[in-house]
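# Geometric and topological summary
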Amino acid sequence: MRKITEIIVHCSATREGKEFTVADIDRWHRERGWKGCGYHYVITLDGRVQQGRPEQIAGAHCSGRNAESLGICYIGGCDLVGKSKDTRTEAQRKSMVTLIRQLMQTHGISIENVRCHNEFSTKACPSFSVQKLHKEILEA
Ligand SMILES: [Zn+2]
């Protein structure tokens, strides 16, 4: 069994209000030569949680940190002109917090190991700070 010690949150870097699914991301990532969707979970605009890669298979979402992490991606992250923005719908925000809390419990992951991609990359992804995310999780 793969050891899972960290959760890393992403956005799809797509424009506000435009819906995509795990099937779209799977296709985009295959086009990059990856073995399908690099994330373990995708959260669509309506708050549905879709399964990407099985948890036991390492993801392809955060350079250098894929071996022991789970990757979660919400659809959105850019405004209508393509600029970085927290575009999560209320349904997405709620689903994200619920999913993360469940995964923390299942894998015994503490809050400091719930991270945002922008902590490890110059990308703005997921278009909000880890402090904001932690606040949402702790207040839920
Ligand atoms: Zn990312």
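Everything below is about the structure shown above.
Read on for an overview of the structure. (Residues numbered from 1 in each chain as written. Predicted model: local features only at pLDDT ≥ 70, side-chain atom pairs only at ≥ 80, totals over all residues. Heavy atoms only, no water.)

Moving on, we get to the coordination of the zinc ion. The coordination sphere of the zinc ion contains the protein donors His-10 (ND1), His-117 (ND1) and Cys-125 (SG), at a distance range of 2.0 to 2.2 Å. Each donor residue of the zinc ion belongs to the same chain, and together they define the spacing H-x106-H-x7-C. Linking His-10 in strand β1 (residues 6-11) with Cys-125 in the loop between β7 (114-116) and α3 (130-139), this pair joins segments that are 115 residues apart in sequence. (Donors = N, O, S within 2.8 Å, 3.2 Å for Na, K, Ca; no water. Helix = DSSP H or I, 4+ residues; strand = E, 2+ residues; numbered from the N terminus.)

Within the largest apolar cluster, 23 residues are counted, with the highest numbers of intra-cluster contacts made by Ile-7, Ile-72, Met-96, Ile-100, Met-104, Val-114 and Leu-133. The element best represented in this core is helix α2 (residues 90-107), accounting for five residues. Sequence-distant contacts of Val-114, that is, excluding residues within four places in its chain, are made with Ile-7, Ile-100, Met-104, Ile-109, Val-130, Leu-133, His-134 and Ile-137. (Core = buried A, V, L, I, M, F, W, Y, C linked by side-chain atoms within 4.5 Å. Buried < 20%, exposed > 50% of the residue type's maximum accessible area, 1.4 Å probe, protein only. Contact = heavy atoms within 4.5 Å.)

By the element assignment, Phe-128 lies in the loop between β7 and α3. Accessibility expressed as a relative area gives 5% for Phe-128, which makes it buried. Filtering out sequence-adjacent residues up to four positions away, Phe-128 remains in contact with Val-9, Tyr-74, Asp-86, Arg-88, Met-96, Cys-116, Asn-118 and Leu-133.

Summarising burial for strand β5 (residues 69-74): six of the six residues are buried, a large majority. The pairing of β1 with β5 spans six bridges and is classified as parallel. Looking at β5, one finds that Cys-11 is bridged to Tyr-74. Sheet topology places strand β3 (residues 41-43) next to β5; three bridges connect them, and they run parallel. If you follow Val-42 over to β5, its bridge partner there is Cys-73. (Pairing = 2+ DSSP bridges.)

What follows deals with the sheet that holds β5. Overall, mixed pairing links the five strands, which are arranged β4-β3-β5-β1-β7 in an open sheet. Every interior strand has two partners, whereas the edge strands, β4 (49-51) and β7, have only one. Neighbouring strand axes in the sheet, compared pairwise and without regard to direction, differ in orientation by 25 degrees on average. Contacts between α3 and the sheet are confined to β1 and β7, with β7 contributing the most and set at about 145 degrees to the helix. (Axes fitted to C-alpha atoms, helices over the stretch in contact; angles between N-to-C directions.)

Let's shift gears to the packing of α2 against α3. The interhelical angle for the contact between α2 and α3, taken along N-to-C directions, is 75 degrees, at an axis separation of 10 Å. As the angle between them shows, α2 and α3 are arranged roughly perpendicular. Within the contact between the two elements, α2 uses Arg-93, Met-96, Val-97, Ile-100, Arg-101 and Met-104 and α3 uses Leu-133, Glu-136 and Ile-137. A per-class count over the contact of α2 with α3 returns six nonpolar, no polar and three charged. (Parallel < 35°, antiparallel > 145°, perpendicular 65-115°, else oblique. Nonpolar A, V, L, I, M, F, W, Y, C, P; charged D, E, K, R; others polar.)

Glancing now at the packing of aromatic side chains. The geometry of an aromatic ring pair is captured by the separation of the ring centres together with the interplanar angle, meaning the angle of the planes. In this structure the tally under the stated criterion is two aromatic pairs. When the ring of Phe-20 is compared with that of Trp-28, the centres are 5.1 Å apart and the planes differ by 65 degrees; the resulting orientation is edge-to-face. We classify Phe-20 as buried; its relative accessible area is 17%. A residue is classified by how much of its surface remains accessible, and Trp-28, at 24% relative accessible area, is partly exposed. Between Tyr-74 and Phe-128 the ring centres are 5.9 Å apart and the planes differ by 20 degrees, which places this aromatic pair in the stacked class. (Phe/Tyr/Trp six-rings, centres within 6.5 Å; stacked < 30°, edge-to-face > 60°.)

Function-wise, these values are silent; they only describe arrangement.
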